Amino acid sequence: TPRAEFNASIDASTLRSGILENVVLYVMGDISLDEMAKGAQAEGGYVIGVNVKRFANSKYPLDVDEHIMTETMQERKVELIRLGDASIALPGGVGTLDELTEIFSLAQLGIVNKPFGILNLDGYFDGFLAQCKRANEENFLKDKDYARMLVAEDVETLLQMLDEYPQEEQGK
């Protein structure tokens, strides 16, 4: 499963090679965010969690260095995008697709100019990627916007792609 594959692929050296070099990632998805946080902290990273107050007593608490609480999911997304230098979509549910398409839309509109990536483990996002390709082919999605999607099947490749994203395009 994508969850098991991702869990097996995350280790401290991967986190050191990408996430911890002065980069803040907004990670979307339903996969071991706690493991990512622990791995980043083990390598000296500072982890910020952003959550909505209604989930303050979640049965899945994250061990983070700083916790920011927002009133709404929309405020949470805004804060995560503001804090992050890049975004990664991991396999997840409808909330992940919501966050991914929002970041994609904001990038397309020129409101957010930060790289975003899709970790396509075991072909999890193939359907989404096929729809984006169709939108591009039918001229609903411009070539330059379609090319913004950084897609990889493994963590190390995706982190490298994010790291190599042209700085002049980021417009912070």
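Please refer to the structure higher up on the page.
Structural notes, computed from the coordinates. (Residues numbered from 1 in each chain as written. Predicted model: local features only at pLDDT ≥ 70, side-chain atom pairs only at ≥ 80, totals over all residues. Heavy atoms only, no water.)

This part is about the nonpolar core. Counting residues in each nonpolar core, the largest one holds 17 residues, and the members touching the most others are L100, F104, F116, I118, F125, F128 and M149. Elements that contribute at least two residues to this core include exactly α5 (94-108), β5 (116-119) and α6 (126-137). For this core, the leading source of residues is α5, giving five residues. Ignoring anything within four residues of it in the chain, the contact list for M149 reads F104, F116, I118, F128, L129 and C132. In terms of nonpolar packing, the next biggest core, distinct from the first, is built from 13 residues, L90, A152, V155 and Y165 among them. (Core = buried A, V, L, I, M, F, W, Y, C linked by side-chain atoms within 4.5 Å. Buried < 20%, exposed > 50% of the residue type's maximum accessible area, 1.4 Å probe, protein only. Helix = DSSP H or I, 4+ residues; strand = E, 2+ residues; numbered from the N terminus. Contact = heavy atoms within 4.5 Å.)

Right, let's get into the environment of D122. Structurally, the position occupied by D122 is in the loop between β5 and α6. Counting along the chain gives 31 residues from D122 to E153, while the straight-line C-alpha distance between them is 7.3 Å.

Okay, the packing of helix α4 (residues 73-83) against α5 next. Relative to each other, α4 and α5 sit at 55 degrees, their axes nearing to 12 Å. If you check the angle between α4 and α5, you find them oblique. For α4 against α5, the interelement crossing comes out right-handed. Facing Q74, R76, K77 and I81 of α4, the residues of α5 in contact are D98, E99, E102, I103 and L106. Residue composition of the contact of α4 with α5, by class: three nonpolar, one polar and five charged. (Axes fitted to C-alpha atoms, helices over the stretch in contact; angles between N-to-C directions. Parallel < 35°, antiparallel > 145°, perpendicular 65-115°, else oblique. Left-handed = near helix turned anticlockwise from the far one by under 90°. Nonpolar A, V, L, I, M, F, W, Y, C, P; charged D, E, K, R; others polar.)

Time to look at the packing of aromatic side chains. Two descriptors summarise a pair of aromatic rings, namely the distance from one centre to the other and the angle between the planes of the rings. Summed over all chains, the structure comprises two aromatic pairs. Consider the rings of F104 and F116, whose centres lie 5.2 Å apart with planes at 50 degrees: the pair is tilted. Of this pair, F104 sits in helix α5 while F116 is found in strand β5, placing the two residues 12 residues apart along the sequence. On the basis of relative accessible area, F116 is assigned to the buried category, the value being 1%. Measuring from centroid to centroid gives 5.2 Å for Y124 and F125, while their planes differ by 80 degrees, and the two rings are edge-to-face. Its relative accessible area of 2% is what places F125 among the buried residues. (Phe/Tyr/Trp six-rings, centres within 6.5 Å; stacked < 30°, edge-to-face > 60°.)

Moving on, we come to the environment of T72. When you line up the elements, T72 lands in the loop between β3 (66-70) and α4. T72 gets classed as partly exposed once you look at its relative accessible area, which sits at 35%. Each C-alpha atom of the pair T72 and V52 lies 5.8 Å from the other, and the pair is 20 residues apart in sequence.

For E79, the position within the fold is in helix α4. Residue class for E79 comes out buried when judged on its relative accessible area of 17%. Within the local environment of E79, its side chain forms a polar contact with the side chain of R82, the two groups lying 2.5 Å apart. In contact with E79, not counting residues within four places along its chain, are V50 and I68. (Polar contact = N/O pair within 3.5 Å; in protein donor to acceptor, adjacent residues only side chain to side chain.)

We now examine the pairing of β5. Here β5 shows two buried faces, one formed by F116 and I118 and the other by G117 and L119. Sheet topology note: the strand β4 (residues 86-89)/β5 ladder contains three bridges and is parallel. Looking across to β5, one finds that S87 is bridged to F116. As paired elements, β5 and strand β6 (residues 149-152) share four bridges and run parallel to each other. Across the sheet, I118 pairs through a bridge with V151, a residue of β6. (Pairing = 2+ DSSP bridges.)

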